[in-house]
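One letter stands for each residue in the lines below.
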Amino acid sequence: MKNLVEKAKILDEKAMFRAITRIAHEIIEKNKGVEDVVLVGIKRRGVPLAEKIAEKIMEIEGQKVLVGTIDITLYRDDLSTKNHQAEVKGHQIDFSIEDKIVVLVDDVLYTGRTVRAALDALTDLGRARGIQLAVLVDRGHRELPIRADYVGKNVPTSKRELVKVKLEQYDGINEVVIEEIL
């Protein structure tokens, strides 16, 4: 078992919600409104972030944006290296993505493999007009040619560090910290 020690807090609750507000504004601006925009949160922590972005868009535009969730478990390229059985929780998308602008939402962008898996899962659900990516934190170290359209905070990290997004529904607090592997 690796020991993790908290190295730094990079976003407190207020900074997190400012970043979410900025992302919501950028989504509205880039898409000239939100008429054909839907949000899809990548399970697990991308889901509450997508819901928060949708709430902000509603506050700003007065228009509801549909939010779905996607489980990428079966689309991961590292399943064969995992020792445990994959637990699939399924997609919860109660709307068609056909001809919609889908904004995928995740907490941290790292290698790009999670996003690649989410793209594969989305294409199995239909043909979107376009797919955009929103992340709370981009920590670098990409292994695939993937870049986010909307970023709450860019945080250069070493590979010995982990970026942990803590959310009230799971952790009892809203913040983002860097932990170091000892």
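Everything discussed here concerns the structure shown above.
Conventions we followed
- Residues numbered from 1 in each chain as written.
- Predicted model: local features only at pLDDT ≥ 70, side-chain atom pairs only at ≥ 80, totals over all residues.
- Heavy atoms only, no water.
- Axes fitted to C-alpha atoms, helices over the stretch in contact; angles between N-to-C directions.
- Helix = DSSP H or I, 4+ residues; strand = E, 2+ residues; numbered from the N terminus.
- Left-handed = near helix turned anticlockwise from the far one by under 90°.
- Contact = heavy atoms within 4.5 Å.
- Nonpolar A, V, L, I, M, F, W, Y, C, P; charged D, E, K, R; others polar.
- Salt bridge = Lys/Arg side-chain N within 4 Å of Asp/Glu carboxyl O.
- Buried < 20%, exposed > 50% of the residue type's maximum accessible area, 1.4 Å probe, protein only.
- Pairing = 2+ DSSP bridges.
- Polar contact = N/O pair within 3.5 Å; in protein donor to acceptor, adjacent residues only side chain to side chain.
- Expected span 1.5 Å × (residues − 1).
- Arc of directions from axis to C-beta.
- Core = buried A, V, L, I, M, F, W, Y, C linked by side-chain atoms within 4.5 Å.

### Concerning the packing of helix α1 (residues 13-30) against helix α2 (residues 46-61)
- Where α1 contacts α2, the two axes come as close as 9 Å, and the packing angle between them is 65°. As α1 packs across α2, the resulting crossing turns out to be right-handed. In this structure, α1 contributes Phe17, Ile20, Thr21, Ile23, Ala24, His25, Ile27 and Ile28 to the contact, and α2 contributes Leu49, Lys52, Ile53, Lys56, Ile57, Ile60 and Glu61.
- In terms of residue class, the contact of α1 with α2 is built from 10 nonpolar, 2 polar and 3 charged.

### Quick word on the pattern of salt bridges
- Throughout the structure, instances matching the rule amount to 12 salt bridges.
- Between Glu143 and Arg113 there is a salt bridge, with its nearest N and O atoms 2.6 Å apart. Placement of the pair is Glu143 in the loop between β5 (130-138) and β6 (150-154) and Arg113 in helix α3 (residues 113-125), with a sequence separation of 30 residues.
- For Glu143, a relative accessible area of 46% corresponds to the partly exposed category.
- With relative accessibility at 32%, the residue Arg113 sits in the partly exposed group.

### Observations concerning the sheet that holds strand β1 (residues 4-11)
- With antiparallel pairing, the 3 strands of this open sheet are ordered in space as β1-β8-β7. Every interior strand has two partners, whereas the edge strands, β1 and β7 (161-166), have only one. Taken pair by pair, the neighbouring strands of this sheet meet at an average axis angle of 30°, ignoring direction.
- Judged from the 6 bridges that link them, β7 and strand β8 (residues 175-181) form a sheet pairing that is antiparallel. Bridge pairing links Leu162 to Glu179 in β8.
- Sheet contacts for α1: β1, β7 and β8; angle to β1, the most-contacted strand, approximately 55°.

### A short note on the side chain of Gln132
- Within the fold, Gln132 resides in strand β5.
- At 2.5 Å, the side chain of Gln132 and the side chain of Tyr150 are in polar contact.
- Apart from the residues within four sequence positions on either side, Gln132 is in contact with Lys30, Asn31, Ile101, Val102, Val103, Leu104, Asp149 and Tyr150.

### Regarding α3
- Relative to the 18 Å expected for 13 residues at 1.5 Å per residue, α3 spans 19 Å between its end C-alpha atoms, a close match to the ideal helical length.
- Every buried residue of α3 is listed here: Val115, Ala117, Ala118, Ala121 and Leu122. Seen along its axis, α3 keeps its buried residues to an arc of 160°; they face one direction. Exposed residues pointing more than 90 degrees away from the buried face of α3 are listed as Thr123 and Asp124.
- In this structure, the buried side of α3 is in contact with β2 (37-42), β3 (67-70), β4 (101-109) and β5.
- Among the residues trailing α3, Gly126 stands out with phi positive, at a value near 150°.

### Regarding the nonpolar core
- Within the largest apolar cluster, 33 residues are counted, with the highest numbers of intra-cluster contacts made by Ile27, Leu39, Ile53, Leu136 and Val176.
- Elements represented by at least two residues in this core include exactly β1, α1, β2, α2, β4, β5, β7 and β8.
- Element by element, the count of residues in this core is highest for α1, at 8 residues.
- Among the nonpolar cores identified, the runner-up in size contains 22 residues, and Ile72, Val115, Ala121 and Leu122 belong to it.

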